[in-house]
Amino acid sequence: MLRGSTFVRLATNVVKSNSRGVLTNNIARPMNSLKFYSTDKNDTKKQQQQQPQSILNEDMLAKAGFDDPVEKEAKSSESAEGAEESDGSETDSKSSRRKRRAQTSKDLQREKYANWFYLSTLVGGVAGVGYMARDWDSEEEAKRLEASDIPNGYSPDLMYNRFNARLGSLFTFFQEPAFENLLPPPAPEAYRRPLTLVLTLDDLLIHSEWDTKNGWRTAKRPGLDYFLGYLSQYYEIVIFGSNLQMYSEKAVAKLDPLHAYVSYALFREACRYKDGKLIKDLSLLNRDLGKTILIDVSPDSWSLQPENAIPMKEWDGKPDDTLIKLIPFLEYLATQPVKDVRPILNSFGDKTDVIGEFAKRELKLREQWKKDNQHLFRNSSRPNAGTFLASLMGVPTSQVSKEPKMPLDIIREHGQMQYEHFQKYLKENAPKFLEEEKKLKDEFGKITLNKLITEGAPTPESIAKAQAEKAQDA
Amino acid sequence: MSADHTRDPCPIVILNDFGGAFSMGVIGGCVWHGIKGFRNSPYGERGYGAISAIKARAPVVGGNFGVWGGLFSTFDCSVKAVRKREDAWNAVIAGFFTGGALAIRGGWRHTRNSAITCACLLGVFEGVGMMMQRFMAQPTMAPQYPDQPLTA
């Protein structure tokens, strides 16, 4: 500080002596001298006025941390005066120093702008809050925000409630599913399957693990292919994942490369997010809730329709056969003329062990059936013409005289036969399907940036339209 | 369970983020200080000026970016662990703490302002990201059914 002030003083001295020098040596510079002589006093004054602006103006000095000598003197005298009040004066001088630091013109300007900014933010905020607390624009708005119980009027609590409801609606925009109907309307009658099966993806069908050696790895649950393939003949299978589409769609594509099993795939975008819970709202599926079953691993998912859910434990990636064991129950549900699955599901109590409970019931059903149809067994064990002939020909009797079958087994046999047929059909046509898909991808996959910006990404609608046109041409 | 398989799970992702942010800063710093050094050098020394400016300044920019990225990732993981939720608020809260932590030497006012600014910025990022996501999400379409069902 001291060095700075002396430096300033020196500098002013130099400027002063220089001005004097100009006065004395004016003959040496006649161009200037003329002017100088004519307005001698004014000019020196002007120069004295100009001198702080010369090189080291106040801004630069302040920026460099130098104090103005005049102000410093004033401050020292001030501090001498207020020496008695020790603490107060010290903080005062501190704050004043800080204030002086900020006193360059640039800082002043900046401060002004900042103040304007704060002021406009405040005014804007108040205006916004007031606007959001206004009366309902219409009955519909109140209804839409589920706040019909809040009447119009300008008492503080009513205003606050309206403001709250409107503010909440800003955020629910992100929490609601992206679409009103998650699925297109059910297939035409000829293609319709009796029930819709909604499956979650992670930790039910697949499991992802990370370790330092291999990074991320995803495992398919044992029996998954059979599960999907077999049940796709009875169910419209919808995979409803809890993760974002961009992370999960590849996994779904790998589970069902021919698009033969999974009818639709939904992802986190279709979930409702409320209070930290990811809810799968089945009522938005565009399907009869009485014919929809949700199999999930997270209680949050089914919190809106618990009666439709079959809860499962999270699969941890170890070998298990839960999916296969689950088939008989689901098959039974789909092959019986069921109007509403919910009472049946609820008959399993808390549904923690649907598989075991159903196995028990099936066993009971079998025994009952055996008891009711004893005459069939009697007939089968009795030797008849067929077995007699067979024994003559040397054919083992077991092939001819089959045990009578329970309807459940007949259905199962039929299902397995159909499954095998379908598998054969898929195997024969797989290359064709894959080629078709590749063609489609080539056609619609090549999106130039220009096209994307001018026309937008191709919607599924346009793709389907083009596909239909092509089919007509062919 | 993390959804994004392009990223490692939580404690390790901090290291990844630190490295990623550092390299991003170094590359950006090379461009920035390369141009700056080039323009601030006299003719004839411009190439050398650019290189020396890069050598002197780019690692600093990288370090700044890296510290920001690492800190943000650390806070993000912590917030996730505490809240046990995965949504956009995680990033906003993590941004708040990051901005605050980096400005803490500037005093209480500076810390507060910086934290709020940073949180707002990340809120905007997340909001735009979610808007994009909704915009890109498309309704599922029904397949084209032939008029007559196939007879097997």
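Residues numbered from 1 in each chain as written. Chains lettered and ligands numbered in written order. Predicted model: local features only at pLDDT ≥ 70, side-chain atom pairs only at ≥ 80, totals over all residues. Heavy atoms only, no water.

K.L.:
What should I look at first to understand the UniProt feature "transmembrane region" (unreviewed entry) in chain B in this one?
P.N.:
All names here are of chain B. When the UniProt feature table is mapped to this numbering, "transmembrane region" (unreviewed entry) covers residues 88-108 and 114-132. Its end C-alpha atoms 27 Å apart, residues 88-108 is made of 76% helix and 0% strand. Each end of residues 114-132 is marked by a C-alpha atom, and these two atoms are 27 Å apart; helix forms 100% of the span and strand 0%. (UniProt positions renumbered as here; feature names shortened; annotations may be inferred. Helix = DSSP H or I, 4+ residues; strand = E, 2+ residues; numbered from the N terminus.)

K.L.:
Help me understand the packing of helix α10 (residues 224-231) of chain A against helix α12 (residues 322-335) of chain A, please; the structure alone is not making it clear to me.
P.N.:
Two measures define how a pair of helices packs: the angle their axes make with one another and the distance between the axes. Residues and elements named next belong to chain A. The N-to-C vectors of α10 and α12 enclose an angle of 15 degrees; their axes lie 9 Å apart at closest approach. Compared by their axis directions, α10 and α12 come out roughly parallel. Crossing geometry of α10 relative to α12 is assigned as right-handed. Across from Leu224, Tyr226, Phe227, Tyr230 and Leu231 in α10, the residues of α12 making contact are Leu323, Ile324, Leu326, Ile327, Leu330 and Glu331. Of the residues that constitute the contact of α10 with α12, the class distribution is 10 nonpolar, no polar and 1 charged. (Axes fitted to C-alpha atoms, helices over the stretch in contact; angles between N-to-C directions. Parallel < 35°, antiparallel > 145°, perpendicular 65-115°, else oblique. Left-handed = near helix turned anticlockwise from the far one by under 90°. Contact = heavy atoms within 4.5 Å. Nonpolar A, V, L, I, M, F, W, Y, C, P; charged D, E, K, R; others polar.)

K.L.:
What is the right way to look at the nonpolar core in this model?
P.N.:
A general feature of soluble globular proteins is that nonpolar side chains tend to end up buried together. Residue and element names in this part refer to chain A. Ranked by internal contacts, the top residues of the largest apolar core, which has 43 residues, are Leu231, Tyr235, Ile293, Ile295 and Leu330. Ignoring sequence-local partners within four residues, the contact set of tyrosine 235 consists of Arg193, Leu195, Thr196, Leu197, Ile293, Leu330, Leu333 and Ala334. In this structure, Val198, Tyr264, Trp302 and Ala309 belong to the second largest nonpolar core, which totals 19 residues. (Core = buried A, V, L, I, M, F, W, Y, C linked by side-chain atoms within 4.5 Å. Buried < 20%, exposed > 50% of the residue type's maximum accessible area, 1.4 Å probe, protein only.)

K.L.:
Please clarify how the confidence of the model for chain A should be interpreted in this entry.
P.N.:
Interpreting fine coordinate detail is not advised for predicted regions of low pLDDT. Residue and element names in this part refer to chain A. Within chain A, residue pLDDT values average 74, and 68% of them lie at 70 or more. No element of chain A has a lower mean pLDDT than helix α1 (residues 2-24), at 45, and none a higher one than helix α7 (residues 105-132), at 91. Scored below 50 in pLDDT, residues 78-90 makes 1 contact in the model with residues more than four places away or belonging to other chains. (pLDDT = per-residue confidence, 0-100.)

K.L.:
What should I look at first to understand the packing of aromatic side chains in this one?
P.N.:
Residue and element names in this part refer to chain A. Within the structure shown, the criterion is met by 13 aromatic pairs over all chains. Relative to tyrosine 118, the ring of phenylalanine 117 lies with its centre 6.1 Å away and its plane at 55 degrees, an arrangement referred to as tilted. Its relative accessible area of 49% is what places tyrosine 118 among the partly exposed residues. Plain terms: the ring middles of phenylalanine 422 and tyrosine 425 are 6.4 Å apart, the flat faces sit at 20 degrees to each other, and that makes the pair stacked. Here the residue phenylalanine 422 and the residue tyrosine 425 both occupy positions in helix α18 (residues 407-445), the gap between them amounting to 3 residues, near one helical turn. The partly exposed category is assigned to phenylalanine 422, whose relative accessible area is 28%. (Phe/Tyr/Trp six-rings, centres within 6.5 Å; stacked < 30°, edge-to-face > 60°.)

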